[in-house]
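What follows is each chain in one-letter form.
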Amino acid sequence: MKSADSTMNKGPGAAEKRRQILYKVRRFFLGNAEKSGFVSKLATYVILTGLGFVFVYPILYMLSTSFMDSKDLVDSTVTWVPHQLSLENFIKAGKTLEFWDGLKDSLIMTVLPSVFQTAVLALSGYALGRFPVPFKKVWIALAVFIFLIPEQVTMIPRYLLFNSYGLVGTIWPTYLIAVLGQGIKSSVFLLVYWQFFSSYPKSLDEAAQIDGAGRIRVFLRIALPMAVPAIVVCFLFSFIWTWNNTTQVAQYSMGAATTLPMHLEQFVDKFNKLYSSAQLSTGGALNEAIRLAGTLLTILPLVVLYLILQKQFVESIERTGITGE
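This one's a predicted model, so the numbers in the text were calculated from it and none came from an experiment.

Rules used in this analysis
Here the residue index of a chain counts from 1 through its sequence in written order. Note on the predicted model: pLDDT of at least 70 is required for a residue's local features to be given, and 80 or more for side-chain atom pairs to be given and counted; whole-chain, interface and lining totals, by contrast, use all residues. The basis for every side-chain value is the complete set of heavy atoms in the structure, and neither hydrogens nor water enter the calculation. Under the scheme used here, helices are H or I runs from DSSP no shorter than 4 residues and strands are E runs no shorter than 2 residues, and both carry numbers assigned from the N terminus. Throughout, a contact is declared for two residues whenever any of their heavy atoms are within 4.5 Å. For every residue, the predictor states its confidence as a pLDDT score lying anywhere from 0 to 100. For the exposure calls, accessible area comes from a 1.4 Å probe over protein chains only, and a residue counts as buried if that area is under 20% of its type's maximum, exposed if over 50%, partly exposed in between. Expected span, for any helix, means 1.5 Å times one less than how many residues it has. Between rings of Phe, Tyr and Trp, where Trp is taken as its six-membered ring, a pair exists when centres lie within 6.5 Å; planes separated by under 30 degrees are stacked, by over 60 edge-to-face, and by other angles tilted. We call a charge positioned over a ring when the NZ of a Lys or the CZ of an Arg lies within 6 Å of the ring centre and within 35 degrees of the ring normal. What we call a nonpolar core is a set of buried Ala, Val, Leu, Ile, Met, Phe, Trp, Tyr and Cys residues that are connected through their side-chain atoms within 4.5 Å. Lines fitted to C-alpha atoms define the axes here, with helix axes fitted over just the stretch in contact, and angles between the N-to-C directions of these axes take values from 0 to 180 degrees. For this classification, under 35 degrees means roughly parallel, over 145 means roughly antiparallel, 65 to 115 means roughly perpendicular, and everything else is oblique. By the definition used in this description, the sense in which the near helix is turned from the far one sets the handedness, with an anticlockwise turn below a right angle giving left-handed and a clockwise turn giving right-handed. Residue type decides the class: Asp, Glu, Lys and Arg count as charged, Ala, Val, Leu, Ile, Met, Phe, Trp, Tyr, Cys and Pro as nonpolar, and the leftover types, Gly among them, as polar. Two joining distances apply to patches: 9 Å for like charges and 5 Å for nonpolar side chains (Val, Leu, Ile, Met, Phe, Trp, Tyr), and every residue must have over 30% relative accessible area and no salt bridge. Areas reported here follow the Shrake-Rupley algorithm with a probe of radius 1.4 Å; residue values treat only the protein chains shown as occluding. A side-chain nitrogen of Lys or Arg and a carboxyl oxygen of Asp or Glu constitute a salt bridge if their distance falls within 4 Å. In this tally, Lys and Arg are treated as positive and Asp and Glu as negative; His is ignored, and so are the chain termini. Lysine's charge is taken at NZ, arginine's at CZ, aspartate's at CG and glutamate's at CD.

A few words now on the overall build of the protein chain. For the protein chain, the count of helices and strands is 18 helices and 0 strands. Residue pairs in contact within the protein chain that sit at least 24 positions apart in sequence constitute 74% of those at least 6 positions apart.

Quick look at the structure:
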């Protein structure tokens, strides 16, 4: 009788312990409403790692191949790590690209236009976001419509306009387009600023006006400091898109400025003209490593800019979607 009673007393306790263990195991693998489980985290990391590899792989391949010499390129045993790091590819690519002259022209045609476009559209977005502008929805819809129009549609009318003013063959058309808020994909930046400025509480502006601040001072002292995330995002994308745009610069400057991406487009012809047939016969022919070295030199300033502003850019992406009252 005593053994039977002890078995009955131990039964419910053991079952409860098993339920607790099963619950803990289930919570560890599947999680609950408050915390993700191991399976969910593992799936997330696998997906993010796969996506990251897709984006990082071309850069890694470019770096690895650009440091290979001609012997490593034809050696089937060499895949990622070359036997000896070679800078000859970068020397030839830099000479072919006319790197320093191209970098100077690229900065001239990119930095100030990006600054002007970012500043002008910030002012326009502030006006749309904070003031009762007549036909506001119409202007916003028009901005979206302009974004959908291909750049090639306005290319010829703009060229004829600047040509009538005698500005073709100079760098000024690119600057004027940026100052007037009509730069590359400017509608996107206008919508970003409009969304951001219309999201933070209007009570901040009203408090500043009560203290005697005018409209301009409110914009400079209240709105702009709060819009730093949007400014960083717009400037970075404006810089990248302007840097990579070769059609507009080639069309308006007519040789007055030749950027690095423009040199890269003519890389093969310039390389063949620069190196004689005697050098080509001795192993100096254009190969994949030299091509990738030239590409890497062309995007190097963009990579450096992103590394400098990486922290601000990530924080900006997270904060540009916040909403206020």
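From this point, things continue past the structure.
With that settled, consider the confidence of the model for the protein chain. For the protein chain, the mean per-residue pLDDT works out to 83, and 89% of the residues sit at or above 70. Low confidence marks residues 321-325, where pLDDT is under 50. Its contacts with residues over four positions away, or in another chain, come to 10 contacts.

Comment: phi is negative for the bulk of residues other than glycine, and the bulk of peptide bonds are trans. Despite not being glycine, glutamate 98 shows a phi value in the positive range, around 50°. Following the sequence through the fold, glutamate 98 ends up in the loop between helix H4 (88-97) and helix H5 (99-130). A relative accessible area of 39% means that glutamate 98 is categorised as partly exposed. The backbone of lysine 185 shows a phi angle near 55°, a positive value even though the residue is not glycine.

Turning to helix H7 (residues 151-164), a few remarks are in order. Look at H7: 20 Å from first C-alpha to last across 14 residues, which is about the 20 Å you get at 1.5 Å a residue. Of the residues flanking the end of H7, it is glycine 166, one or two places downstream, whose phi is positive at about 75°.

This paragraph deals with the packing of aromatic side chains. For the coordinates displayed, the defined rule picks out 20 aromatic pairs. Aromatic pair phenylalanine 53 and tyrosine 57: ring centres 5.5 Å apart, planes at 50°, arrangement tilted. Here phenylalanine 53 and its partner tyrosine 57 are both found in helix H2 (residues 38-66), 4 residues apart, which amounts to about one turn of the helix. Looking at phenylalanine 53, the relative accessible area reads 51%, which means it is exposed. On the basis of relative accessible area, tyrosine 57 is assigned to the partly exposed category, the value being 34%. Geometrically, the ring pair formed by phenylalanine 99 and tryptophan 100 is edge-to-face, given 5.0 Å between the ring centres and 80° between the ring planes. On the basis of relative accessible area, tryptophan 100 is assigned to the exposed category, the value being 66%. Each member of the aromatic cluster is reached from another via a ring pair, and the members are Tyr126, Phe131, Tyr193, Phe196, Phe197 and Phe219. The ring of tryptophan 241 has lysine 185 lying over it, and the distance from NZ or CZ to the ring centre is 4.4 Å.

In this structure, Trp243, Leu260 and Leu297 are the most contacted members of the largest nonpolar core, which totals 22 residues. Listed by contribution, the elements that provide at least two residues to this core are H4, H5, helix H12 (228-244), helix H15 (267-274) and helix H17 (288-308). For this core, the element with the most residues is H17, which contributes 7 residues. Residue contacts for tryptophan 243: discarding those within four places in its chain leaves Leu103, Ser106, Leu107, Thr110, Leu260, Pro261, Thr298, Pro301 and Leu302. Within the second largest apolar cluster, 19 residues are counted, among which are Ala143, Phe197, Ala213 and Ala223.

Remark: H15 packs on H17, axes separated minimally by 12 Å, with the N-to-C direction vectors making an angle of 120°. Between H15 and H17, the angle is such that the two are oblique. In this structure, the crossing between H15 and H17 has a hand that is right-handed. Residues Phe267, Val268 and Phe271 of H15 form the contact with H17, whose own contacting residues are Ile290, Arg291 and Gly294. Tallied by class, the residues present in the contact of H15 with H17 amount to 4 nonpolar, 1 polar and 1 charged.

Contact pair H4 / H17: the axes reach a minimum separation of 8 Å and the direction vectors enclose 65°. The handedness of the crossing between H4 and H17 is right-handed. Of the residues in H17, those touching H4 at Asn89, Phe90, Lys92, Ala93, Gly94 and Leu97 are Ala289, Ile290, Ala293, Gly294, Leu296, Leu297 and Thr298. In terms of residue class, the contact of H4 with H17 is built from 8 nonpolar, 4 polar and 1 charged.

Glancing now at a positive patch on the surface. A cluster of basic side chains, namely Lys24, Arg27, Lys35 and Lys41, defines a positive patch on the protein surface. Looking at the secondary structure, you find lysine 41 in helix H2.

This paragraph deals with the side chain of threonine 110. Residue position: threonine 110 is located in helix H5. Since its relative accessible area comes to 2%, threonine 110 is described here as buried. When sequence neighbours within four positions are dropped, the list of residues in contact with threonine 110 reads Phe239, Thr242 and Trp243.

Right, let's get into the side chain of serine 64. Mapped onto the secondary structure, serine 64 falls in helix H2. Not counting chain neighbours up to four residues away, the residues in contact with serine 64 comprise Thr79, Trp80, Val81 and Pro82.

On to the pattern of salt bridges. Within this structure, the stated rule accounts for 2 salt bridges. Between glutamate 88 and lysine 92 there is a salt bridge whose closest N-O contact spans 3.2 Å. Here the residue glutamate 88 and the residue lysine 92 both occupy positions in helix H4, the gap between them amounting to 4 residues, near one helical turn. Of the charged contacts, one joins arginine 130 and aspartate 205 as a salt bridge, the two residues approaching to 3.1 Å between their closest N and O atoms.

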